[in-house]
Amino acid sequence: MSVDPNLLTPFKKTPAGESSLREISADAYYVINEVVVKRLGHLPIYKGDFHLLPPKVQRFVAEKAELMRPRGIYICDGTEHESEEIVDKLVERGMLSPLKAYHNNYICRTDPKDVARVESKTWMVTNDKYDTVCRTAEGVEPLMGHWMSPNDLSTELDSRFPGCMAGRIMYVIPFSMGPVGGPLSKIGVQLTDSNYVVLSMRIMTRVTHEVFDVLGNSDFTRCIHSVGLPRPVKQRVINHWPCNPDRVLIAHRPPEREIWSFGSGYGGNSLLGKKCFALRIASNIAKDEGWMAEHMLIMGVTRPCGQEHFIAAAFPSACGKTNLAMLEPTLPGWKVRCVGDDIAWMKFSKEDGRLYAINPEAGFFGVAPGTSKKTNPMAVATFQANSIFTNVAETADGEYYWEGLEDEVKDKSYHPNSRFAAPARQCPIIHPKWEDPQGVPIDAIIFGGRRPAGVPLVFETNSWLHGIYTGACLKSETTAAAEHKGKSVMHDPMAMRPFMGYNFGKYLQHWIDLEQPGRIMPKIYHVNWFRKSAEGKFLWPGYGENIRVIDWIIKRLDGVEGIGKETAIGTVPTPESLNLDGLDGVKLDELMSVPKEYWAEDAVEVKNFLTTQVGEDLPAPIRNEMEQQEKRINDM
Ligand code: GTP
Ligand code: SPV
Ligand code: MN
C-alpha cells in the first residue's frame, strides 16, 4: 500500500493548490496512524490524551490540525475545572468580565461587526444544486436554501483555512445533541480556536468524553470553526473579540455530515451544534431516517385537572419561543414546564404511533431585550448563575441591562440581538422529562409569527395537510436575529427559512409522507400574539396570558363541541369559548377577525410565492390545499 508522502509531514505548509477538502484515506490512515500521532507529538497537546480518542476522531483532528496549523491542541473534557481554567484566562485577557451581582455570570462584548447570524454567507454544498434549492421560476433568486458547488467550496476553503489557527490553540469539543447515547441523540466533534465558543458549547450542548464510549460504529458530525484571524494579527481586534467579518463563510456538506465556519464567533454562526448541526445537517439525516428536525420549542402544559399535554411550536427567530416555552400561566391551577426553547427532534414511535420529541440542546441562547421578571420570570431565574451574556449592557452595580428589563437606565448600550446563554437545568420549571432519551409525546404543533395585520390570535388547521400548507405560508416581521434591515413582513416557511437543510419542496413532501396509517398525527394550529390595532397597539396582552389560547387548543384536542367557528383559513374560537376571566379591554372581534380583503390579497401573494419559489418542487397535495383555500377565501 502506498502512503501519501504529505501525510508523513503533516505540519509542513499545505502545498499551494491543494484542497482543504483533501482527506487522509482510511487505509493510508491506519498504516500511518502511528506516524501521524508521532507528528502530533511535536505539537503540544495542552490537555487530553490523543491516543484515547477513537481512531476516526484522531484522524479528523490530525487532518484538520495539519490544515489549520494551531500552536497546540486542547482536548476538552467538559469538567467544571476546565471551565474555570478557561474563564480565568478570558477574564485576565479582558474578553469576559464577571457580572458581580450574580454567581459565575459573565459579560462579553463582540466586535460590532459580529452580532448576528449572517444568512447571506451561509451555504449548503451539494453536487446537485436542486438537492439544496427548489426549481424557482426563471430569474428568481431562491429564498430558501443557499447553494454552493463542491468546487466553489474547495476554492473558498482553500483561501481561508490553511494556517488559519496559527498561533492559537485548537480546542477539540466532543459533544452530544440530546442525552448521551439516547436513541434520538447524535454526536458531534467541534474544532475551534475560540474559547468563548468552548464555554458556550459547554452550556448549549453536552460536552463529555462519554460520547466516545457510545460512538461505536455510528458516525459523528464534523464541525470545523475558526475565528479566521491567525497570529500575528494584522488588523485591530475590537473588544478583545477576534473575528474576520469580511471573510465570513458558514458552509455545510450534508452527505459528509460536515460543517465549516470561518470568521465569526457569534451564536448560530459559531456554536455549530445549534443551527448548523441540529437543524441544517440534522434535517438531512431526519429526511433519510424518517424523523423531523425543526425550529420548535417543546412545552408540557398541565391543566387544573392534572392532565398534561405536550406541545411543539415553530416561530421564526426572536418571535417568542423562549417566552412561550417558559410561560407563567395567569389562569389559576395551570402549570407549564419547559422541555426546550428552540429546536425539536421528533420521531413517530413504532409502539404507540405517537410523535415523540427531544430537545437536542442543553441550554438556552435567548434574546435578552424584552426579557424581564414581568415577561419571562423563569428565564430570569435561569440566568442568575453560570451564564454568559453577550452584547448586553452593564450597570454600575455589576448587573446586566437591556431594554424592557425594569426601569429605564439611560445611556446604556446593548444590541437588539444581545443574548444570554444559560444552562437549561437551572430553569425552575424545566420538565422532569426534559432529558428523557425517549422524548415526550406531542399532541399539537403550533406555527406563528409577527403578523401586525389580518391574522387572528389563533386558528386550528383542517388536517395534517392543511397544517403543512399553513406552515409553508408562515410569514413574520423581520427581527434583529439576522442581518436584515428594517421591519417588513417576510416569508419564513415552517420558521425554517434560514435553517433549511435541503430542497424545500422535498421537505414539504417529507412532512406529507410522515402521515401513515397507525400514526397519531398531532393537530396543527396557527397563533399570532402580535396583531395590532389601527393605533399601532398590540391587541393581545401576550406572555402569561397566552395560556388562554393554549386552553382553547387543549379543549379542541379534547373534542369539546361548540367552541369553534369555521372560516376560510381554519377554525377560530367562538367569542365565548376563549377564557377571558380577569382580562379587561380585549377587542375580541378585532383580534379574531378574518378580513376578506386581506386574505384575498394574501392568497394571491402566497400563490405567487409558492409558484415562483418552490415551482415544480411544490408537492401536488400542497398545491391542492392552496387552491382549496383560495376558493374558500373567494367564497367568503
Ligand atoms: P430565537 O432564539 O431567535 O429562535 O427566538 P425565540 O423565538 O426564542 O424568541 P424569544 O422568545 O426570545 O422572543 C423574543 C421577543 O419576543 C422579545 O422581544 C419578547 O418581548 C417578544 N415576545 C415574546 N412573547 C411575546 C408575546 O406574547 N407578546 C408580545 N407582544 N411579544 C412577545
Ligand atoms: C435564532 O436566530 O433563531 C437563534 C439564535 O436561535 S442563533 O443561535 O444565533 O441562530
Ligand atoms: Mn432560534
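Just so it is clear, the structure is predicted and the values come from calculations on it, not from any experiment.

Caption draft 1: Just the coordination of the manganese ion (ligand 3), in detail. Every protein donor of the manganese ion (ligand 3) is listed here as Lys275 (NZ), His295 (NE2) and Asp342 (OD), and their distances to the metal cover 2.1 to 2.3 Å. Coordination at the manganese ion (ligand 3) comes from six donor atoms whose angles at the metal span 74 to 173°, giving a geometry best classed as octahedral. For the manganese ion (ligand 3), the single-chain donor residues occur in sequence as K-x19-H-x46-D. With Lys275 in helix H9 (residues 273–289) and His295 in the loop between strand E13 (292–294) and strand E14 (297–302), this pair connects stretches of sequence that are 20 residues apart.

Caption draft 2: Geometry of the domain arrangement of the protein chain. If you check the domain split of the protein chain, you get domain 1 (80–96 + 113–289), domain 2 (294–362 + 433–634) and domain 3 (363–426). One C-alpha centre belongs to domain 1, the other to domain 2, and the line joining them spans 29 Å. With 45 residues of domain 1 at the contact, the number on the domain 2 side is 44 residues. Carbon and sulfur atoms make up 57% of the area that domain 1 and domain 2 hide from each other, which totals about 3,800 Å². Between domain 1 and domain 2 we count seven salt bridges in total. Two residues, Asp342 and Lys274, come together in a salt bridge whose shortest N-O distance is 3.0 Å. Run the count over domain 1 and domain 2 and you get 23 residue pairs in polar contact (both at pLDDT 80 or more). Those elements that provide at least two residues to the side of domain 1 that touches domain 2 are helix H4 (129–132), strand E7 (169–177), helix H6 (195–204) and H9. Considering each element in turn, the side of domain 1 that touches domain 2 owes the most residues, eleven residues, to H9. When the residues that make up the side of domain 1 that touches domain 2 are grouped by side-chain class, the tally is 23 nonpolar, eleven polar and eleven charged.

Caption draft 3: Structural context of the site of ligand 1. Taken together, 22 residues lie around ligand 1, and Ala318, Lys321, Thr322, Arg419 and Tyr543 are the ones closest in. Lys321 places a polar main-chain atom, nitrogen or oxygen, 2.7 Å from an oxygen atom of ligand 1. Measuring from an oxygen atom of ligand 1, one finds a side-chain N or O atom of Arg419 at 2.8 Å. For ligand 1, whose unbound accessible area comes to 670 Å², protein coverage reaches 92%. Counting residues per element, the ones that place at least two in the shell around ligand 1 are helix H10 (321–325) and strand E19 (363–367).

Caption draft 4: Structural detail: the layout of surface pockets. As a volume, the second largest pocket reaches approximately 470 Å³. Looking at the second largest pocket, it is lined by 22 residues, and the ones nearest its centre are Glu80, Arg202, Ile203, Pro423 and Arg425. Residue assignment for the lining of the second largest pocket shows that the elements contributing at least two residues are helix H3 (80–93), H6 and strand E9 (206–207). Within the lining of the second largest pocket, the residues separate by chemical class into ten nonpolar, seven polar and five charged.

Caption draft 5: Focus on the site of ligand 2. Lining the immediate surroundings of ligand 2 are Arg117, Gly267, Gly268, Lys274, Lys275, His295, Ser317, Asp342, Phe365, Arg419, Ala481 and Phe499. Between Lys275 and ligand 2, the recorded distance is 2.9 Å, taken from a side-chain N or O atom to an oxygen atom. His295 places a polar side-chain atom, nitrogen or oxygen, 3.3 Å from an oxygen atom of ligand 2. In the complex, 98% of the free accessible area of ligand 2, which totals 290 Å², lies under the protein chains. Per-class residue counts for the shell around ligand 2 are three nonpolar, four polar and five charged.

What counts as what
- Residues numbered from 1 in each chain as written.
- Chains lettered and ligands numbered in written order.
- Predicted model: local features only at pLDDT ≥ 70, side-chain atom pairs only at ≥ 80, totals over all residues.
- Heavy atoms only, no water.
- Donors = N, O, S within 2.8 Å, 3.2 Å for Na, K, Ca; no water.
- Tetrahedral: all angles 85-135°; square planar, octahedral: opposite > 155°, others 65-115°.
- Helix = DSSP H or I, 4+ residues; strand = E, 2+ residues; numbered from the N terminus.
- Domains from an automatic or database assignment.
- Contact = heavy atoms within 4.5 Å.
- Buried area = accessible area lost by both parts, 1.4 Å probe.
- Salt bridge = Lys/Arg side-chain N within 4 Å of Asp/Glu carboxyl O.
- Polar contact = N/O pair within 3.5 Å; in protein donor to acceptor, adjacent residues only side chain to side chain.
- Nonpolar A, V, L, I, M, F, W, Y, C, P; charged D, E, K, R; others polar.
- Near = heavy atom within 4 Å.
- Areas by Shrake-Rupley, 256 points an atom, 1.4 Å probe, with all protein chains shown as cover.
- 1 Å grid on protein atoms, 1.4 Å probe; cavity = no way out; pocket = protein on both sides within 12 Å on 5 of 7 lines; lining within 4 Å.
- Points joined across faces, edges and corners; volume = space filled by probe spheres on them.

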